[in-house]
Amino acid sequence: MSDEHVRQATVFGSFAEEYDRWRPGYPDEAVDWLLPPGARDVLDLGAGTGKLTASLLARDLRVTVVEPDPAMLAVLTRAHPSVVVHRAGADALPLPDRSVDAVVVGQAWHWFPHEAAVAEVRRVLRPGGWLGVVWNLPDDREPWERDLAELDPERDVRSRALVPTSGPPEVEGLPAGEVQRTSVHWTWELAPDDVRAMLATDSRIAVLPERERDELLDASAAVVTAEAHRRGAETVPLHRVSVCFRWRPGGW
Ligand SMILES: C[S@@+](CC[C@H](N)C(=O)[O-])C[C@H]1O[C@@H](n2cnc3c(N)ncnc32)[C@H](O)[C@@H]1O
């Protein structure tokens, strides 16, 4: 794991409140697909401030949270004081063997040490249980959205690796041929300043030198402002896609 990877994986706590304010949650259709039927005990791994946790609690599930960053956990426990939380990483889950029906991961699998995480997920899952992994990604349908993407070519490289293609579904670290995939498309109404604030919570953007970061965020807001003017509206519909994967040890 490179120093840069570690730097980005551990930066979230420095803007935990902003993360919670500006990041979206996950569509119900996506969350339902990630969970095995009849699941009761669910681990939210890399839970951050609780974006996915909230959807699990809304389904009356018994939720356990594992998250290494204390600042992210503080925001999560303020909103969900009754949830069982552990400050730990995906490489060493403080849970007994065969103790959960599902492990779910929102927007975080790419930060984990995959070999250790897969071994731990295998260990804590009950027979028949599965791992559900989801990413909210840009779904650049409109010309102005493609303009936005071009301002940040790095984002596109990463997104293209995750967005569905016609090929077999694959997730880094998970056994090839054992993963299922679905995608849920949705739109998000945001004002130009909202887009700026949301992009500022992208860890890769957050670690840029201040001037470079501000230039990127200002240019992004300008693209959204131009589109809002064109529409005669204060907000624009940002197209997103929740790309969901699931893996069951032992096969489907
Ligand atoms: C982009 S946030 C996602 C938070 C939340 N799951 C969500 O859906 O908004 C990524 C989270 O992964 C956590 N994380 C980074 N490395 C981790 C690791 N090795 N094990 C567990 N969590 C990790 C970070 O602290 C951060 O809270």
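Coordinates for the structure precede this section.
Just so it is clear, the structure is predicted and the values come from calculations on it, not from any experiment.

The rules behind each value
Residues numbered from 1 in each chain as written. Predicted model: local features only at pLDDT ≥ 70, side-chain atom pairs only at ≥ 80, totals over all residues. Near = placed C-beta within 6 Å. Nonpolar A, V, L, I, M, F, W, Y, C, P; charged D, E, K, R; others polar. Buried ≥ 20, exposed ≤ 12 C-beta atoms within 10 Å, placed from the backbone. Helix = DSSP H or I, 4+ residues; strand = E, 2+ residues; numbered from the N terminus. Arc of directions from axis to C-beta. Contact = placed C-beta atoms within 7 Å. Pairing = 2+ DSSP bridges. Axes fitted to C-alpha atoms, helices over the stretch in contact; angles between N-to-C directions. Parallel < 35°, antiparallel > 145°, perpendicular 65-115°, else oblique. Left-handed = near helix turned anticlockwise from the far one by under 90°. Core = buried A, V, L, I, M, F, W, Y, C linked by C-beta atoms within 7 Å. Right-handed = clockwise from strand over helix to strand, strands pointing away.

Novice: Account for the site of the ligand, naming residues and giving values.
Specialist: Around the ligand, the surrounding shell holds 19 residues, and the nearest of these are G46, G48, K51, G106 and A108. Split into classes, the residues belonging to the shell around the ligand amount to ten nonpolar, five polar and four charged.

Novice: How would you summarise helix α4 (residues 51-58) if you had to cite specific residues and measurements?
Specialist: For α4, the complete set of buried residues consists of L52, T53, S55 and L56. For α4, the buried positions fall inside an angular range of 160° around the axis, keeping them on one side. Elements that come into contact with the buried residues of α4 comprise α3 (28-34), β1 (41-45), β2 (62-66), α5 (70-79) and β4 (100-106). Among the residues trailing α4, D60 stands out with phi positive, at a value near 65°.

Novice: Kindly report on the sheet that holds β4, identifying the contributing residues and their values.
Specialist: Strand order in the open sheet formed by seven strands is β3-β2-β1-β4-β5-β7-β6, and the pairing between neighbours is mixed. The strands lining the two open edges of the sheet, one partner per strand, are β3 (84-86) and β6 (179-190). Taking the axes of each pair of neighbouring strands and ignoring which way they run, one obtains an average angle of 20° across the sheet. Inspection of the sheet shows β1 paired to β4 by three bridges, in the parallel sense. Considered in β4, the bridge of V42 is made with A102. Each of β1, β4 and β5 (125-138) is contacted by helix α6 (residues 114-124), which is oriented at about 135° to β5, the strand it contacts most.

Novice: I'd like to hear about the packing of helix α9 (residues 192-199) against helix α11 (residues 210-231), residue by residue, with values.
Specialist: With their axes 8 Å apart at the nearest point, α9 and α11 run at an angle of 150° to one another. Considering their axes alone, α9 and α11 lie roughly antiparallel with respect to each other. The crossing of α9 and α11 is right-handed. In this structure, α9 contributes P192, D193, V195, R196 and L199 to the contact, and α11 contributes L217, S220, A221, V224, T225 and A228. For the contact of α9 with α11, the residue count by class is seven nonpolar, two polar and two charged.

Novice: Outline the nonpolar core, listing residues and values.
Specialist: In terms of nonpolar packing, the biggest core is built from 52 residues, with V42, L43, V100, A102, V103, V124 and V134 touching the most fellow members. If sequence neighbours within four positions are ignored, L43 has contacts with T64, V66, L95, V100, V103 and V124. Membership of the second largest hydrophobic core comes to ten residues, among which are V195, M198, L199 and V224.

Novice: Describe the pairing of β2, and please don't skip the residues or the numbers.
Specialist: Among the five residues of β2, four are classified as buried, and the element is accordingly described as predominantly covered. Across five bridges, the pairing between β1 and β2 is parallel. Within the sheet, the bridge partner assigned to D41 lies in β2 and is R62. The sheet contact formed by β2 and β3 spans three bridges and is parallel. When the bridges of β3 are listed, V65 appears paired with V85. Once the chain exits β2 it traverses α5 before rejoining the sheet at β3, and the crossover so formed is right-handed.

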